[in-house]
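In case you want the letters, here they are:
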Amino acid sequence: LHLSAVKLAELHSDLKIQEKDELRWKKLKAEGLDEDGEKEAKLRRNLNVIMTKYGMNGRKDSQLVDTNYIKDGTESDTLDDPRLEKLWSKAKTSGKFSDEELDKLWREFKHHKEKIHEYNILLETVSRTEDIHKNVINPSEENLVKEEILHNKHRELKDKLRSINQGFERLRKVSHQGYDTTSEFEEPRVIDLWDMAKSANFTEKELESFREELKHFEAKIEKHHHYQKQLEISHQKLKHVEGTGDKDHLNRNKEKYAMLEEKTKELGYKVKKHLQDLSSRISQGLQHNEL
């Protein structure tokens, strides 16, 4: 696995979330609360997403490359979608964005690509399940349970597709018009959540409370970004010091790197856990809308 220091810390946080979810599921299963197996199926899907995301599923082309526009400059070819590449190319040459804004916009494009990637993994899983389902003719109780699982997966697909469409519209608008200075949120994941929250079945008071929580969440993400950058710098420095043979200097750098790595992992976990909780609340609100 050739992962950067930041990606390794991210993988650690993702696996920690997965481990906690599995422990929670084991308790539910022991209490007989996952009879239809939907929660187990969702855990498997999540693990599949993690494996694919970090190139651990044996496919060479699957890993999402971690790039930074300012650092790498010409990474538009990794967006895998002609529509996104066209938008990015236009935005890059429009003169509407500062370097800092272009870096922020690149993060939004990468976030959008990840959403499409996760949607495709889920779609593949649903297609496989449907193929198995079609081959079973017997309308037993077990098959009715499987139908319910498929129904839940379709709803999840619908939610993800809605989010992808909203995200694309936003990218189109920002690419053409530049950033709105009055915009409430800047972080792609927070913008996504806020757009979805506005179409969920929340009262004004609930929506206001959610907005406040999103502000705290965005601050947490910014803190995490800060530590990710520091970790990357520390990693480069460590590699440089290793070549000098200065043991004291090397030990000091190793200590600093270990501290930053631990903090980045911890914050990464907190961000992912918070995102999971917020997404779950919105999902409940959206389902309520459909009833």
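Before reading on, note that the structure itself is shown above.
So, here is what we can say about the structure in this document. Keep in mind the model is a prediction, meaning the values are calculated, not measured.

1. Structural notes on the overall build of the protein
For step 1, the next point in the chain: Summing up its helical and strand segments, the protein has 9 helices and 0 strands in all.
For step 2, the next point in the chain: Each helix (α) and strand (β) of the protein, taken in turn from the N terminus, gives the series α-α-α-α-α-α-α-α-α.
For step 3, the next point in the chain: Residue burial in the protein is summarised as follows: out of 291 residues, 40% are buried.
For step 4, the next point in the chain: Intrachain contacts of the protein at a sequence separation of at least 6 include 77% that bridge at least 24 residues.
For step 5, the next point in the chain: A total of about 17,400 Å² of accessible surface is found on the protein, and carbon and sulfur atoms cover 50% of it.

2. Topic: the packing of helix α7 (residues 188-198) against helix α8 (residues 204-242)
For step 1, the next point in the chain: Packing of α7 against α8 brings their axes to within 10 Å, and their N-to-C directions diverge by 170 degrees. Taken as axis vectors, α7 and α8 run roughly antiparallel relative to one another. Counting all contacts with α7, which are made through Arg 189, Val 190, Leu 193, Trp 194, Ala 197 and Lys 198, the residues of α8 involved are Leu 207, Phe 210, Arg 211, Leu 214, Phe 217, Glu 218, Ile 221 and His 225.
For step 2, the next point in the chain: Residues belonging to the contact of α7 with α8 are distributed by class as follows: 9 nonpolar, 1 polar and 4 charged.

3. A short note on the pattern of salt bridges
For step 1, the next point in the chain: Per the stated rule, a full pass over the model turns up 19 salt bridges.
For step 2, the next point in the chain: For the salt bridge of Glu 118 with Lys 160, the shortest nitrogen-to-oxygen distance reads 3.8 Å. Of this pair, Glu 118 sits in helix α5 (residues 99-134) while Lys 160 sits in helix α6 (residues 141-177); the two residues are 42 residues apart in sequence, bridging distant segments of the chain.
For step 3, the next point in the chain: Judged by relative accessible area, Lys 160 falls into the partly exposed class, the value being 25%.
For step 4, the next point in the chain: As a salt-bridge pair, Asp 277 and Lys 273 come within 3.0 Å of each other at their nearest N and O atoms. With Asp 277 and Lys 273 both in helix α9 (residues 247-290) and 4 residues apart, this pair spans about one turn of that helix.
For step 5, the next point in the chain: Classification of Asp 277 by relative accessible area gives partly exposed; the value is 38%.
For step 6, the next point in the chain: For Lys 273, a relative accessible area of 22% corresponds to the partly exposed category.

4. Section: helix α4 (residues 82-93)
For step 1, the next point in the chain: If you check α4, its first and last C-alpha atoms are 17 Å apart, about what 12 residues at 1.5 Å a residue would give, namely 16 Å.
For step 2, the next point in the chain: Within the sequence span of α4, burial applies to Leu 84, Leu 87, Trp 88 and Ala 91. For α4, the buried positions fall inside an angular range of 100 degrees around the axis, keeping them on one side. What points out from α4, more than 90 degrees from its buried face, is the exposed set Pro 82, Lys 86 and Thr 93.
For step 3, the next point in the chain: In this structure Asp 81 caps α4, since a side-chain oxygen of it lies 2.9 Å from the backbone nitrogen of Arg 83.
For step 4, the next point in the chain: One or two residues past the end of α4 sits Gly 95, with phi positive at roughly 80 degrees.

5. Notes on the side chain of His 111
For step 1, the next point in the chain: Looking at where His 111 falls in the secondary structure, it is placed in helix α5.
For step 2, the next point in the chain: A distance of 2.8 Å separates the side chain of His 111 from the side chain of Asp 192, its partner in a polar contact.
For step 3, the next point in the chain: Residues within four places of His 111 in sequence aside, it is in contact with Pro 188, Arg 189 and Asp 192.

6. Quick notes on the environment of Asn 48
For step 1, the next point in the chain: Mapped onto the secondary structure, Asn 48 falls in helix α2 (residues 38-53).
For step 2, the next point in the chain: Setting aside its immediate chain neighbours within four residues, Asn 48 contacts Ile 121, Thr 125 and Arg 128.

7. Considerations on the packing of helix α1 (residues 5-30) against α8
Packed helix pairs are characterised by how far apart their axes lie and by the angle those axes make with each other.
For step 1, the next point in the chain: Relative orientation of the contacting elements α1 and α8 amounts to 130 degrees, with a least axis distance of 8 Å. It follows that α1 is oblique to α8 by the angle criterion. Contacts between α1 and α8 involve Ala 5, Val 6, Ala 9 and Glu 10 on the former and, on the latter, His 224, Gln 228, Leu 231, Glu 232 and His 235.
For step 2, the next point in the chain: A class-by-class count of the residues in the contact of α1 with α8 yields 4 nonpolar, 3 polar and 2 charged.

Cut-offs and rules
Residues numbered from 1 in each chain as written. Predicted model: local features only at pLDDT ≥ 70, side-chain atom pairs only at ≥ 80, totals over all residues. Heavy atoms only, no water. Helix = DSSP H or I, 4+ residues; strand = E, 2+ residues; numbered from the N terminus. Buried < 20%, exposed > 50% of the residue type's maximum accessible area, 1.4 Å probe, protein only. Contact = heavy atoms within 4.5 Å. Areas by Shrake-Rupley, 256 points an atom, 1.4 Å probe, with all protein chains shown as cover. Axes fitted to C-alpha atoms, helices over the stretch in contact; angles between N-to-C directions. Parallel < 35°, antiparallel > 145°, perpendicular 65-115°, else oblique. Nonpolar A, V, L, I, M, F, W, Y, C, P; charged D, E, K, R; others polar. Salt bridge = Lys/Arg side-chain N within 4 Å of Asp/Glu carboxyl O. Expected span 1.5 Å × (residues − 1). Arc of directions from axis to C-beta. Polar contact = N/O pair within 3.5 Å; in protein donor to acceptor, adjacent residues only side chain to side chain.

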